[in-house]
Amino acid sequence: FGSSFWESRLAVVTMRSFGSLGARSFDAIVLGGGVIGSSTAFHLAKLGAKVAVLDKASQVGMGASGRSSGMTRLHYSVESNAVLAKRAMHFFHNFSDELKSTAANSGYVQTGHMMVARDDKLGKAMQKTVEWLRDKLGCDTQMISKGEASAMHPYVNLD
């Protein structure tokens, strides 16, 4: 798409730039430039709509979305959540391709996710979930031993 594609389809209007909108027309107006509003505007523009994003802040992402620590993980026992998380992770890994811009960088850093369980009913349920995620949905997830967990994180007391 390139930057000219996005510039021709997206207008971001904040309190600072409200007067600069002029007499333009849009196919859609999105209220709020947080994670939901930005995603909505992005996908509408990707489909070809001319979109205006209106936000009360001085720039998008200044509210709660911009202050989120953010986390992606694949360990969900509800299929729709796991599928959505897998798609999100793919999006972040391929961010510049998704935006069709070599300059685009999401800042995403994959660090891993570890959950701890005992060898009991809940632990066995976790193991079933891990196997289901791996075997049915193709997620990169696995069970590890207490020793492997200690080797990965030697300062965590697992006793």
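Residues numbered from 1 in each chain as written. Predicted model: local features only at pLDDT ≥ 70, side-chain atom pairs only at ≥ 80, totals over all residues. Heavy atoms only, no water.

**Re the overall build of the protein chain**
At step 1: The number of helices and strands found in the protein chain is six helices and three strands.
At step 2: Ordered by position from the N terminus, the helices and strands of the protein chain form the series α-β-β-α-β-α-α-α-α.
At step 3: Counting only residues that meet the buried cut, the protein chain has 23% of its 159 residues in that class.
At step 4: Pairs at least 24 apart in sequence give 54% of the contacts found in the protein chain among residues at least 6 apart.
At step 5: Element-wise, carbon and sulfur atoms account for 55% of the exposed surface of the protein chain, whose accessible area totals about 11400 Å². (Helix = DSSP H or I, 4+ residues; strand = E, 2+ residues; numbered from the N terminus. Buried < 20%, exposed > 50% of the residue type's maximum accessible area, 1.4 Å probe, protein only. Contact = heavy atoms within 4.5 Å. Areas by Shrake-Rupley, 256 points an atom, 1.4 Å probe, with all protein chains shown as cover.)

**What to know about the sheet that holds strand S3 (residues 51-54)**
At step 1: Overall, parallel pairing links the three strands, which are arranged S1-S3-S2 in an open sheet. Because the sheet does not close on itself, it has two edges, and the strands there are strand S1 (10-13) and strand S2 (28-31). On average, each strand axis in the sheet is inclined to that of its neighbour by 20 degrees, with strand direction left out of account.
At step 2: In this structure, S2 lies alongside S3, joined through four bridges in parallel fashion. Directly across from valine 30, in S3, lies its bridge partner valine 53.
At step 3: Against the sheet, helix H2 (residues 35-46) touches S1, S2 and S3, its axis set at about 165 degrees to S2. (Pairing = 2+ DSSP bridges. Axes fitted to C-alpha atoms, helices over the stretch in contact; angles between N-to-C directions.)

**Focus: a nonpolar patch on the surface**
At step 1: Among the surface-exposed residues, Met114, Val116, Ile144 and Met152 lie close enough to one another that they form a single nonpolar patch of about 360 Å² accessible area.
At step 2: Residue placement: isoleucine 144 occurs in the loop between helix H5 (121-137) and helix H6 (146-152). (Patch = residues over 30% accessible without salt bridge, like charges linked within 9 Å, V, L, I, M, F, W, Y side chains within 5 Å. Salt bridge = Lys/Arg side-chain N within 4 Å of Asp/Glu carboxyl O.)

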